[in-house]
Amino acid sequence: AQTVTQSQPEMSVQEAETVTLSCTYDTSESDYYLFWYKQPPSRQMILVIRQEAYKQQNATENRFSVNFQKAAKSFSLKISDSQLGDAAMYFCAYRSAVQGIQGAQKLVFGQGTRLTINP
Amino acid sequence: NAGVTQTPKFQVLKTGQSMTLQCAQDMNHEYMSWYRQDPGMGLRLIHYSVGAGITDQGEVPNGYNVSRSTTEDFPLRLLSAAPSQTSVYFCASSEVAETDTQYFGPGTRLTVL
């Protein structure tokens, strides 16, 4: 079974600075997807960024980028120019890309990292 | 297009009571799922469905039942609530065949006394 581990329960960063959230995962599959979700105090789960394992290029979305190290099974999220609105719980998640298997769409989540932005 | 909706938003139950958490989506997604979120444990999959009439267990299915009679609706039933089921519950939906994003509902906070 796949597992996802976020070893940083809490992180804080000064506004406008850069912060990196860590995530490691364990799988025997070669094809999969990795995600970072943001959960603000409203509780809504918001997709931040997605990475396909077959792509060597790291995904980027505006101020958010990832460092995907497939061999090391590491998937960190970098937030540049941190803003007060970035304060939230961040979850790393794994999803199998194996086709034709029932339930392959299910997400496996890490424990979450609470990010605080200091003004 | 409302996306994924969940009702109620908050609920308090007494031990032994039963209730149904409602989930509906208007995106014609085949895949729907229920997760529970507990402090320090992330979200864990309870049950999922890949289409009407097809359901299966996730990681933590005990104490919960589901059914999928239509593509739009995927209710989660607690037959006899226990304090251990105090949690925040999320419903999600997505396409099956495509590598699409899973869309989450706003969540239901359930407290069992």
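Residues numbered from 1 in each chain as written. Chains lettered and ligands numbered in written order. Predicted model: local features only at pLDDT ≥ 70, side-chain atom pairs only at ≥ 80, totals over all residues. Heavy atoms only, no water.

A. Focus on the pattern of salt bridges. Summed over the entire model, instances satisfying the criterion amount to 6 salt bridges over all chains. Between Asp 26 of chain A and Lys 73 of chain A there is a salt bridge, with its nearest N and O atoms 3.6 Å apart. Placement of the pair is Asp 26 of chain A in strand S4 (residues 24-26) and Lys 73 of chain A in the loop between strand S8 (64-69) and strand S9 (74-79), with a sequence separation of 47 residues. In this structure, Arg 44 of chain B engages Asp 38 of chain B in a salt bridge whose closest nitrogen and oxygen atoms are separated by 2.8 Å. (Salt bridge = Lys/Arg side-chain N within 4 Å of Asp/Glu carboxyl O. Helix = DSSP H or I, 4+ residues; strand = E, 2+ residues; numbered from the N terminus.)

B. Broad picture of the pairing of S8 of chain A. All names here are of chain A. As judged from the 2 bridges shared by strand S7 (residues 60-61) and S8, these two strands associate in the antiparallel manner. If you follow Thr 60 over to S8, its bridge partner there is Ser 65. As paired elements, S8 and S9 share 6 bridges and run antiparallel to each other. Residue pairing for S9: Gln 69 is matched across the bridge by Ser 74. Where S8 folds back on S9, the antiparallel hairpin that results is connected by 4 residues, among which Lys 73 adopts a positive phi of roughly 55°. (Pairing = 2+ DSSP bridges.)

C. Layout of the interface of chain B and chain A. With 31 residues of chain B at the contact, the number on the chain A side is 19 residues. Linking chain B with chain A are 0 salt bridges, by the criterion used here. Along the contact surface separating chain B from chain A lie 6 residue pairs in polar contact (both at pLDDT 80 or more). (Contact = heavy atoms within 4.5 Å. Polar contact = N/O pair within 3.5 Å; in protein donor to acceptor, adjacent residues only side chain to side chain.)

D. Local environment of the state of the cysteines. Residue and element names in this part refer to chain B. Enumeration according to the criterion identifies 2 disulfides over all chains in this entry. Residue pairing for Cys 23: its cysteine sulfur links by disulfide to Cys 91, the two sulfurs lying 1.8 Å apart. Handedness of the Cys 23-Cys 91 disulfide follows from its S-S torsion of about -70°: it is left-handed. Of this pair, Cys 23 sits in strand S3 (residues 19-25) while Cys 91 sits in strand S9 (residues 87-94), placing them 68 residues apart in sequence. The pair Cys 23 / Cys 91 is uniform in exposure class, with both members buried. (Disulfide = S-S within 2.5 Å. Buried < 20%, exposed > 50% of the residue type's maximum accessible area, 1.4 Å probe, protein only.)

E. Up close: the sheet that holds strand S8 (residues 76-78) of chain B. Residue and element names in this part refer to chain B. Spatial ordering of the open sheet is given by S1-S3-S8-S7, a layout of 4 strands whose pairing is antiparallel. Looking at which strands have only one partner, the edges of the open sheet turn out to be strand S1 (4-7) and strand S7 (64-66). The sheet shows a mean angle of 20° between the axes of neighbouring strands, taken without regard to direction. Across 4 bridges, S1 lies against S3 in antiparallel orientation. What sits directly across from Thr 7, in S3, is Gln 22. (Axes fitted to C-alpha atoms, helices over the stretch in contact; angles between N-to-C directions.)

F. Region of the structure containing the environment of Ser 49 of chain B. Residue and element names in this part refer to chain B. Within the element layout of this structure, Ser 49 appears in strand S5 (residues 43-51). Taking relative accessible area as the criterion, Ser 49 reaches 0% and is therefore assigned buried. Those residues in contact with Ser 49, other than ones at most four positions away along the chain, are Glu 30, Tyr 31, Met 32, Ile 54, Thr 55, Arg 68 and Phe 74. Among the polar contacts made by the side chain of Ser 49, one reaches the main-chain carbonyl oxygen of Gly 51 at a distance of 2.9 Å.

G. The arrangement of unusual backbone geometry in detail. Residue Thr 7 of chain B is joined to Pro 8 of chain B through a cis peptide bond whose omega torsion reads -5°. Position of Pro 8 of chain B among the secondary structure elements: in the loop between S1 and strand S2 (10-13). Even without being glycine, Asp 81 of chain A reaches a positive phi, approximately 50°. Within the element layout of this structure, Asp 81 of chain A appears in the loop between S9 and strand S10 (88-96). Residue classification places Asp 81 of chain A among the partly exposed residues on the basis of a relative accessible area of 39%. Look at Asn 28 of chain B: it is not a glycine, yet its phi comes out positive at around 60°. As for its placement among the helices and strands, Asn 28 of chain B is situated in the loop between S3 and strand S4 (31-37).

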